[in-house]
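# A closer look at the structure
Spelled out, the chains give:
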Amino acid sequence: MEARNKARQQMSRTAAKTGPALSGEHANAHSIAALRRQAESCERCDLYKNATQLVFGEGPVDARIVLVGEQPGDREDLAGHPFVGPAGRVLDECLHEAGVDRSSCYLTNAVKHFKFEQRGKRRLHSRPNAGEIQRCAWWLGAELEQLRPDLVVALGATAVVTLLGRSAGVTKNRGDLIDTPAGYPVLVTIHPSYLLRIQDGDDAASERARFVKDLAKVAAYEADRVGRTQRRL
Ligand code: URA
């Protein structure tokens, strides 16, 4: 246990600054369900105009772990649920291998509407810009205020920016647990869609293993927290 605590301290840093989801003003509501109802009529940026529907966060309202992605993809936009497409499948498998139960986590995105470019019949993912991320932090910040989790996982660059600001980054902070003034740390890792884009088989396998190793920190953190709580009782 001592060794584990030491490892955690070594992994841990404190955020120099936080991003818009952890600072500034957020939506106000008495529950996640009420927030979602408010967000359904969101016109804070233009993304609602072309998206099929809002894709809000989902999961138990007493979840201790929150996973934050970038924005819904094509499948999520059509289904209205986060992480149900190819990236979600990779995430599910890697969480399982890391010993994290997806059904006990709350999954959400930095941006709640799908941004895309229409190319013929195909809708190609397009990255949300700084203004869209800032506007949508209104919802993510409120979700986090409601949930008050023990740990938040930032999946990829957009999630890192909205949670930790521009001074943090995936390459710089990969695998770090960053303490925040919100009272819970943010674990920085890649977005699972990155694994789908790697062409070389060996590289894909080693990057996937690294992602599972990052996610295993979630399981270790939770085990530590449960151990600490039990010792206090
Ligand atoms: N990518 C994301 O970041 N979020 C989703 O919900 C799906 C794909």
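Within each chain, residues carry numbers counting from 1 in the order of the written sequence. For this predicted model, a pLDDT threshold of at least 70 governs which residues receive local features, and a threshold of 80 or more governs which side-chain atom pairs are given and counted, while totals over whole chains, interfaces and linings are taken from all residues.

Counting buried residues in strand β2 (residues 65-69) gives five out of five residues, a clear majority hidden from the surface. Here β2 shows a buried face lined by I65, L67 and G69 and a second buried face lined by V66 and V68. Bridge count between β2 and strand β6 (residues 151-155): four bridges; the pairing is parallel. Pairing of L67 across the sheet is with V153, part of β6. Any two strands are treated as partners once DSSP identifies two or more bridges connecting them. In DSSP terms, a helix is any run of H or I states spanning at least four residues, a strand is any run of E spanning at least two, and both are numbered starting from the N terminus. Sheet topology note: the β2/strand β3 (residues 106-109) ladder contains four bridges and is parallel. Paired with V68 across the strands is T108, a residue of β3. A residue is called partly exposed when the number of other C-beta atoms within 10 Å of its own lies between 12 and 20, exposed at 12 or fewer, and buried at 20 or more, with C-beta atoms placed from the backbone.

The next subject is the packing of helix α4 (residues 86-98) against helix α9 (residues 201-232). Contact pair α4 / α9: the axes reach a minimum separation of 8 Å and the direction vectors enclose 60 degrees. With respect to α9, the axis of α4 lies oblique. Helix-helix and strand crossings are classified by hand; for α4 and α9 the assignment is right-handed. Where α4 abuts α9, its residues C94, L95, E97 and A98 lie against R208, F211, V212, L215, A216, V218 and A219. For the contact of α4 with α9, the per-class residue count stands at nine nonpolar, no polar and two charged. To define axes, lines are fitted to C-alpha atoms, for helices over the stretch in contact only, and angles between the resulting N-to-C directions are given on a 0 to 180 degree scale. Here the angle decides the label: under 35 degrees means roughly parallel, over 145 means roughly antiparallel, 65 to 115 means roughly perpendicular, and every other value means oblique. Two helices cross in a left-handed way if the nearer one is turned anticlockwise from the farther one by less than a right angle. They cross in a right-handed way if the turn is clockwise. Here, residue contact means that the backbone-derived C-beta atoms of the two residues sit within 7 Å. Any residue outside Ala, Val, Leu, Ile, Met, Phe, Trp, Tyr, Cys, Pro, Asp, Glu, Lys and Arg is labelled polar, Gly included; the first ten of those are nonpolar and the last four are charged.

Moving on to the packing of helix α2 (residues 32-39) against helix α5 (residues 130-147). Between α2 and α5, the shortest axis-to-axis distance is 10 Å and the interhelical angle comes to 170 degrees. On the basis of their axis angle, the class for α2 and α5 is roughly antiparallel. Only W139, A142, E143 and Q146 of α5 make contact with α2, whose side of the interface consists of I32, L35 and A39. The residue makeup of the contact of α2 with α5, split by class, is five nonpolar, one polar and one charged.

Here we take up the site of the ligand. The criterion for a residue being near a molecule or strand is a backbone-placed C-beta atom within 6 Å of that molecule or strand. What surrounds the ligand is a group of 13 residues, the closest being G69, E70, G73, P82 and A87. Considered class by class, the residues forming the shell around the ligand number four nonpolar, seven polar and two charged.

Residues annotated in UniProt with the feature "domain: Uracil-DNA glycosylase-like" (unreviewed entry) correspond here to residues 56-216. In the segment residues 56-216, helix accounts for 44% and strand for 18%; the C-alpha atoms at its two ends are 26 Å apart. UniProt positions are given in the numbering used here, feature names are shortened, and annotations may be inferred rather than shown by experiment.

Every buried residue of α2 is accounted for by I32, L35 and A39. Seen along its axis, α2 keeps its buried residues to an arc of 60 degrees; they face one direction. Exposed side chains of α2 directed beyond 90 degrees from the buried face belong to A33 and R37. Arc, as used here, means the arc of the directions from the helix axis to the C-beta atoms.

Bringing unusual backbone geometry into the picture now. At F83, a residue that is not glycine, the phi angle is positive and equals roughly 55 degrees. You will see that R148, though not glycine, has its phi angle at about 40 degrees, which is positive. Relative to the helices and strands, R148 is located in the loop between α5 and β6.

Below, the discussion takes up helix α6 (residues 157-164). Among the eight residues that make up α6, seven are buried, leaving the element largely enclosed by the rest of the structure. Among all positions in α6, only T158, A159, V160, V161, T162, L163 and L164 are buried.

This part takes up the nonpolar core. In this structure, V66, V68, V153, A154, V160 and L163 are the most contacted members of the largest nonpolar core, which totals 57 residues. Element by element, the count of residues in this core is highest for α5, at nine residues. Nonpolar cores are identified as sets of buried Ala, Val, Leu, Ile, Met, Phe, Trp, Tyr and Cys residues joined via C-beta atoms within 7 Å.

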